[in-house]
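Observations on the model geometry
Next come the chains, spelled out residue by residue.
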Amino acid sequence: MSEKPQSETRRLEDLWAGEFGTAYVERNVTAGEGRRPFWESILADVSVENVLEIGCNLGGNLVWLAEMLPRKNVFGVDINEHALETLRQNVPGVNAIWSPARELPFRDRFFDLVFTTGVLIHQAPDVLPVVMSEIVRCSRKYILCGEYFAERLTEVPYRGQAGALWKQDYGGLYQRLFPELVLRKQGFLSKNETPWDDVTYWLFEKQR
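A brief look at the structure comes next. Predicted model, so just to flag it, every value in this text is computed and none were measured.

**Regarding the packing of aromatic side chains**
- Under the definition given, this model contains 16 aromatic pairs.
- With 6.2 Å between their ring centres and 90° between their planes, Phe 75 and Phe 110 make a pair best called edge-to-face. Placement of the pair is Phe 75 in strand S2 (residues 74-78) and Phe 110 in the loop between strand S3 (95-98) and strand S4 (111-117), with a sequence separation of 35 residues.
- With centroids separated by 6.2 Å and ring planes inclined at 45°, the aromatic side chains of Tyr 174 and Phe 178 adopt a geometry described as tilted. Note on accessibility: Tyr 174 and Phe 178 belong to one class, buried.

Next up, the structure:
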């Protein structure tokens, strides 16, 4: 990784690890409410025994997965310690681990499902392939991403921060970078009809 992407990566990691990220945690205390039907529909389509969420925040997704799987098999990583401590308090028994997305502390093919929701959008475009490669590396079966979609890479101003949110075709990017991924399911989660915020999701199966 060249010097500029490294600098951008450190800037964004510091942003989300610090007060900006903690404010995000506090704004999103109820963000996971109502998400159970989505996760029930996903687990109805795939057979998984353990899961990993990258950028788990305070557990708006993991709280539901911890009801459907043994808690010891539910993992989440984040770089904001306040988020992780909140997750540990709210969903005791899950594995809440500090880690940057670009360097995950797990062995290859360890998890049946690895996923992000609203996390790839906050990765600098130059670093995004590294993050996605780590996600693919850690997955044995399935990869899911739920992100803001645009036909082409589009930066969006985000709470006074430049270079902090991008829309693009994340599903298409996964398939271009990792041709071993086969699309199993795709959908759109409208903020008018679901507890999500106009999120497009893709569920991929990793071919052996």
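**Focus on unusual backbone geometry**
- Non-glycine residue Asn 57 carries a positive phi angle of around 55°.
- Structurally, Asn 57 can be placed in the loop between strand S1 (51-54) and helix H4 (62-68).
- Residues other than glycine seldom take positive phi values, yet Arg 109 does so here, at roughly 55°.

**Section: the nonpolar core**
- Counting 37 residues, the largest nonpolar core has Leu 52, Ile 54, Phe 106, Leu 120, Ile 135, Tyr 170 and Tyr 174 as its most contacted members.
- Going through the elements one at a time, helix H1 (3-17), S1, S2, S4, helix H6 (128-138), strand S5 (139-147), helix H7 (170-177) and strand S9 (199-206) are the ones with two or more residues in this core.
- The element contributing the most residues to this core is H6, with six residues.
- Those residues within four positions of Leu 120 in sequence are excluded, and the remaining contacts are Leu 128, Val 131, Met 132, Ile 135, Cys 145, Glu 147, Tyr 170 and Tyr 174.
- Judged by nonpolar contacts, the second largest core, of 28 residues, contains Leu 65, Leu 84, Ala 96 and Val 199.

**Points about H6**
- Along H6, the residues classified as buried are Leu 128, Val 131, Met 132, Glu 134, Ile 135, Val 136 and Cys 138.
- Looking at the buried side of H6, the elements it contacts are S1, S4, S5, H7, strand S8 (181-189) and S9.

**Focus: the pattern of salt bridges**
- On inspection of all chains with the given rule, the structure shows 11 salt bridges.
- Residues Glu 67 and Arg 36 are paired through a salt bridge, measuring 2.3 Å at the closest nitrogen-oxygen approach. Here Glu 67 is found in helix H4, whereas its partner Arg 36 is found in helix H3 (residues 36-45), with 31 residues between them in sequence.
- Classification of Glu 67 by relative accessible area gives partly exposed; the value is 46%.
- Assessed through its relative accessible area of 28%, Arg 36 is described here as partly exposed.
- Arg 137 serves as the salt-bridge partner of Glu 134, at 2.8 Å between the closest nitrogen and oxygen. Linking Glu 134 with Arg 137, this pair stays in helix H6, spanning three residues, or about one helical turn.
- In this structure, a network of salt bridges that share partners links the residues Glu 13, Arg 102 and Glu 103.

**Concerning the environment of Thr 154**
- Along the polypeptide, Thr 154 turns up in strand S6 (residues 154-155).
- Between the C-alpha atoms of Thr 154 and Tyr 170, which are 16 residues apart in sequence, the distance is 12 Å.
- Not counting the four nearest positions on each side in its chain, Thr 154 is found in contact with Leu 165, Trp 166 and Lys 167.
- A polar contact of 2.9 Å, which involves the side chain of Thr 154, links it to the backbone oxygen of Arg 152.

**Points about the side chain of Asn 73**
- With respect to the helices, strands and loops of the structure, Asn 73 is situated in the loop between H4 and S2.
- Not counting residues within four places of it along the chain, the set of residues in contact with Asn 73 comprises Glu 49, Asn 50, Val 51 and Asn 95.

**Considering the sheet that holds S5**
- Here seven strands make up an open sheet; going across it, the order is S3-S2-S1-S4-S5-S9-S8 and the pairing mixed. Of all strands in the sheet, those with a lone pairing partner are S3 and S8, marking the two edges. Neighbour-to-neighbour, the strand axes of this sheet turn through a mean angle of 20°, independent of strand direction.
- Contacts from H3 reach S4, S5, S8 and S9 within the one sheet, and its direction differs from that of S8 by about 160°.
- H7 contacts S5, S8 and S9 of the sheet and is inclined by roughly 25° relative to S9.

Definitions and limits used
Residues numbered from 1 in each chain as written. Predicted model: local features only at pLDDT ≥ 70, side-chain atom pairs only at ≥ 80, totals over all residues. Heavy atoms only, no water. Phe/Tyr/Trp six-rings, centres within 6.5 Å; stacked < 30°, edge-to-face > 60°. Helix = DSSP H or I, 4+ residues; strand = E, 2+ residues; numbered from the N terminus. Buried < 20%, exposed > 50% of the residue type's maximum accessible area, 1.4 Å probe, protein only. Core = buried A, V, L, I, M, F, W, Y, C linked by side-chain atoms within 4.5 Å. Contact = heavy atoms within 4.5 Å. Salt bridge = Lys/Arg side-chain N within 4 Å of Asp/Glu carboxyl O. Polar contact = N/O pair within 3.5 Å; in protein donor to acceptor, adjacent residues only side chain to side chain. Pairing = 2+ DSSP bridges. Axes fitted to C-alpha atoms, helices over the stretch in contact; angles between N-to-C directions.

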